[in-house]
Amino acid sequence: MAKDSAPAEKKASRAKKAPAESFQDKQARKSKASGFRVGAVILWLIAIGFEVVAILLLNGQFNFRFFGITDQMVWIIVAVVIDVIFVIIGSQLWKKSNDIDPASEKNKVKFFLWNNMGVIAAIVALAPLIVLFLKDKKLDPKKKKILTAVAGVVLVLAILFSVDWNPASAEDLEAAQAEIGDGLVYWTAFGKSYHIDPDCHTIRNSATKESGTIEEAFEAKRNDPCDFCALEEEG
Ligand SMILES: [Zn+2]
């Protein structure tokens, strides 16, 4: 451990601040984020479509007999699994859009809800099924248990995969852009910080080191400034 490396050797290059992101670059970044957002919403709507299929199967309005499988419970489970897959992929696109174009955290409630829209989508696309399975009087008790358990497990999974655990804010990005300008930053495969110093002792021995602009670092979810080489020091 090279703990003795003097933190005093601050980068001289830090002093020269290149101009911030150009207007065109900012527009391009925002439209890229919008693409991911639209994709997320489309996938969530497809998920809700499969929720409807599951409900119609439950009510007997649909009756599938593909591959000789006539037990409708199997098809309900298939619909629920497809539902949750679309929810989770949609949420990943949603989180990506917020990495690229973070929301402002001036309104904390709005910031929380916006970043966790995937959780709301997961609840809308899955929770009603649990209620319907539980309330269904025609359903055999054993099937009811299985269906409720499946829907409960996938709902928990969907929520866990949809939460944005480490969202950046527009203010974080603005501050980082002001600090870094168009200079390069560095990050590693598993770290969550970005580094200004490629020889920072926390990443020096890392086998995989990537570099890019500060906007690219945020897109890769490296939105946390390294405590040793990237934290802005006042005075
Ligand atoms: Zn560092």
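Residues numbered from 1 in each chain as written. Predicted model: local features only at pLDDT ≥ 70, side-chain atom pairs only at ≥ 80, totals over all residues.

**Quick notes on the overall build of the chain**
Working step 1: When its secondary structure is counted, the chain shows seven helices and four strands.
Working step 2: Beginning at the N terminus, the succession of helices and strands in the chain can be written as α-α-α-α-α-α-β-β-β-α-β.
Working step 3: Relative to the globule expectation of 18 Å for 235 residues, the C-alpha radius of gyration of the chain, 24 Å, shows a markedly less compact shape.
Working step 4: Taking the principal axes of its C-alpha atoms as reference, the chain extends roughly 75 × 40 × 35 Å.
Working step 5: In the chain, which comprises 235 residues, the proportion classed as buried is 31%.
Working step 6: Here the contacts in the chain between residues at least 6 apart in sequence split such that 77% fall between residues at least 24 apart. (Helix = DSSP H or I, 4+ residues; strand = E, 2+ residues; numbered from the N terminus. Rg over C-alpha atoms; globule rule 2.2 N^0.38 Å. Buried ≥ 20, exposed ≤ 12 C-beta atoms within 10 Å, placed from the backbone. Contact = placed C-beta atoms within 7 Å.)

**Quick notes on helix α5 (residues 141–162)**
Working step 1: Here α5 spans 31 Å end to end across 22 residues, near enough to the 32 Å set by a 1.5 Å rise per residue.
Working step 2: Listed as buried for α5 are L147, A151, V154, L155, A158, I159 and S162. For α5, the angular spread of buried residues about the axis comes to 140 degrees, placing them on one side. Turned more than 90 degrees away from the buried face of α5, the exposed residues are P141, K142, K145, A149, V153, V156 and L160.
Working step 3: In this fold, the buried residues of α5 make contact with α2 (72–100) and α4 (117–135). (Expected span 1.5 Å × (residues − 1). Arc of directions from axis to C-beta.)

**What to know about helix α1 (residues 23–58)**
Working step 1: Under the 1.5 Å per step criterion, the end-to-end length of α1 is 53 Å for 36 residues, consistent within 8% with the ideal 52 Å.
Working step 2: All buried positions along α1 are accounted for by F36, A40, L43, W44, A47, F50, E51, V53, A54, L57 and L58.
Working step 3: At its buried positions, α1 is contacted by α2 and α4.

**Side note on the domain arrangement of the chain**
Working step 1: Considered domain by domain, the chain is made up of domain 1 (23–162) and domain 2 (170–225).
Working step 2: Once you take the C-alpha centre of each, domain 1 and domain 2 turn out to be 33 Å apart.
Working step 3: The partner domain 2 presents eight residues to the seven residues of domain 1 that form the contact.
Working step 4: Tallied by class, the residues present in the side of domain 1 that touches domain 2 amount to three nonpolar, one polar and three charged. (Domains from an automatic or database assignment. Nonpolar A, V, L, I, M, F, W, Y, C, P; charged D, E, K, R; others polar.)

**Concerning the environment of L155**
Working step 1: Checked against the element boundaries, L155 lands in helix α5.
Working step 2: For L155, a count of 20 C-beta atoms within 10 Å corresponds to the buried category.
Working step 3: Through-space distance from the C-alpha of L155 to that of L126 is 6.0 Å; in sequence the pair is 29 residues apart.
Working step 4: Those residues within four positions of L155 in sequence are excluded, and the remaining contacts are A122, L126, A127 and I130.

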